Amino acid sequence: MTFSEFYFLLFPLSLTFFYWIRRYSFEQSKFLLLFFSIVFLFYADVISLLLLFCTALLNYNLIRLIRSGVYPRFLKLLGVMISLSPLLVYKGFLFEVPENTSDNVQLIFSAGIPLGLSFYALQQVTAILEGSKDKAVELSLKDYLTFSFFFVYLPSGPISPYKKLAHQFQAMGEANVPVTHINMGVSLFILGFAKKVLLADPINGTLTTFFALASSSFDITFSVLELSYMAWGSALQFYFEFSAYSDMAIGMGLCFGILLPVNFNSPFKAKEPVEYINSWHMSFMAFVREYVFQPVFSLVKKAPIRRMETRYIFAWAVAVFMTFLAAGIWHAPTHSAMLYSLYAAFLLVIFELILLKFNRTRNIKLFFLNQVVSRSLLLVSIVLLFTFIRVPSGIDTYSFFVSNLRQLYISLPPILNFLGEGNSGGYLQFDGFFPSYIYLRELGWNFVNVLSPGYAAIHIFIATIIVFFIPNTMEIFGLVNSNKFSLFHVRWRENIAVSILLGLLFVASLGMFTNNVGFIYGI
């Protein structure tokens, strides 16, 4: 299923029928929502439909048995294993399918991870662990399946835990959705769509161009600006694209009367690693914090270490390492991804211990210095991570950047060539900001979807200003109370002027929309 089919056909069609049916029956409108969600998954990925249906049906019956007091611990463990097993199997098979595997199994796994599996597997875990509690909301089979199959968050998140959504799906059949929620949802959807089209897609197009040139037969040495664009642009593209999908999902959920968890809160404004972690992919980090960090911390703090402070610090450090290891396995179960996760955990632990020491000594200068160094290293680590992820598999990331750094040079527009008088080392050239673009025509590249060097440089500069100095969409709609720095503060309002501006933004985004592919974690 393409981007436009999902967002501009399925969403408005289901929303129209949803409110039409609600005029006659609230309960039947929920059934209609379940029907549209199942039809979507059937059309998008039949394997995912079968996996989710079997998992949800088994878990629903396990929850009922646990609530009745039948082997609660064993059945909880069984439910968690059932929920995670498809994810573990597909994540393992995705990178290396054994040669002796049958042709039919090879064909199934060659398609990659089923649509939404990374999200609904964890969601089902929350249902088993939270839905089985005595005071938890007990959903009917129809409501539980609607919670499991809801197409809004199925393809790209956010991860929606049972304890935050169960009562909302139960109450969906009791009252009308406030008009304010609908207006807010549509507005947030438009801003998310604009974020993807106007910010993420142009960066993606330029990055694709650079990596296509790097994979070509030309012997190309990229300039400082081009290498910087590839590194920083990789981080910005991931942020804007992922946060855009989250914004659109939250907006669509509000239109149906469901408030989904916030997923991003200006992570690039974070001053230290912990703050960054708590601001990026917040629904996933909340999951690992509750179901990995806290249990590990509670277990390790009982270690036979005499001094209480040392024991708690040790337990915290072990819990951090286990949390990051789980995050690395969830994102990509490769040795490099897990090693990078452990490296990030190491940096986090070191900086937090240094901050703790400076807080004790109250040395303001050293504390400030550590803040600057830790934030700089944090940004460098983030950029390295996303560059590693973004570089195509056919390119050795380390060798690519090392070979270019050995021949580093700065390229400026030809109009500034008077600055090069006496330059004999070749470190300063005048072939434009992106000198490698001269090879594009020889490759027969389509320039329609590629920004020119000047526009690309201005575009990424504006994108950088946005992530560091402009309030994020969650702040604008009052969904988070953020105290992070912004040049100004603005709140969404229901009035004609805002509606006209959003309408113009939506039309402009539609006019520039060209990347009609699937979802960031989908097909």
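Residues numbered from 1 in each chain as written. Predicted model: local features only at pLDDT ≥ 70, side-chain atom pairs only at ≥ 80, totals over all residues. Heavy atoms only, no water.

How do you make sense of helix H8 (residues 162–171) when you look at a structure like this?
An α-helix turns once every 3.6 residues. As a result, residues three or four positions apart point the same way. Inspection of H8 places Tyr 162, Leu 165, Ala 166, Gln 168 and Phe 169 among the buried residues, and these make up the whole buried set. Those residues of H8 that are buried lie in contact with helix H2 (26–44), helix H6 (117–131) and helix H7 (141–149). (Buried < 20%, exposed > 50% of the residue type's maximum accessible area, 1.4 Å probe, protein only. Helix = DSSP H or I, 4+ residues; strand = E, 2+ residues; numbered from the N terminus. Contact = heavy atoms within 4.5 Å.)

Mind showing me how you'd approach the packing of aromatic side chains here?
The geometry of an aromatic ring pair is captured by two quantities: the separation of the ring centres and the angle between the planes. Applying the stated criterion across every chain, the model contains 59 aromatic pairs. Measuring from centroid to centroid gives 5.6 Å for Phe 477 and Trp 492, while their planes differ by 25 degrees, and the two rings are stacked. Of this pair, Phe 477 sits in the loop between helix H19 (473–476) and helix H20 (496–512) while Trp 492 sits in the loop between H19 and H20; the two residues are 15 residues apart in sequence, bridging distant segments of the chain. Above the face of the Phe 3 ring, Lys 196 is positioned so that its terminal group lies 5.1 Å from the ring centre. (Phe/Tyr/Trp six-rings, centres within 6.5 Å; stacked < 30°, edge-to-face > 60°. Lys NZ or Arg CZ within 6 Å of the ring centre and 35° of its normal.)

Explain helix H12 (residues 282–300) to me, please; I cannot follow it from the model alone.
The largest bend in H12 amounts to roughly 40 degrees and is located at Arg 289. On its buried face, H12 sits against H6, helix H11 (273–277) and helix H13 (308–331). (Bend = angle between axes of the 7 residues up to and from the residue.)

How do you make sense of the pattern of salt bridges when you look at a structure like this?
Pairs can form between side chains of opposite charge whenever their charged atoms are close. Following the criterion strictly, the structure yields nine salt bridges and no others. One salt bridge connects Lys 195 with Asp 247, and the closest N-O pair in it is separated by 2.7 Å. Pair noted here: Lys 195 is in helix H9 (residues 179–215) and Asp 247 is in helix H10 (residues 224–255), with a separation of 52 residues, a long-range link. Accessibility classification places Lys 195 together with Asp 247 in one group, the buried group. Ionic contacts of the salt-bridge type, sharing partners, join the residues Glu 27, Lys 30, Lys 142 and Asp 143 into one network. (Salt bridge = Lys/Arg side-chain N within 4 Å of Asp/Glu carboxyl O.)

Any chance you could explain a nonpolar patch on the surface here in plain terms?
On the surface, a cluster of nonpolar side chains totalling about 540 Å² of accessible area is made up of Leu 9, Leu 13, Phe 17, Trp 20 and Tyr 24. By secondary structure assignment, the location of Leu 13 is in helix H1 (residues 3–22). Accessibility expressed as a relative area gives 38% for Leu 13, which makes it partly exposed. (Patch = residues over 30% accessible without salt bridge, like charges linked within 9 Å, V, L, I, M, F, W, Y side chains within 5 Å. Areas by Shrake-Rupley, 256 points an atom, 1.4 Å probe, with all protein chains shown as cover.)

I keep staring at the side chain of Ser 187 and nothing clicks. Help me out?
Position of Ser 187 among the secondary structure elements: in helix H9. Of the polar contacts made by the side chain of Ser 187, one reaches the side chain of Trp 492; its length is 3.1 Å. Once residues within four sequence positions are removed from consideration, Ser 187 is found in contact with Phe 477, Trp 492 and Leu 502. (Polar contact = N/O pair within 3.5 Å; in protein donor to acceptor, adjacent residues only side chain to side chain.)

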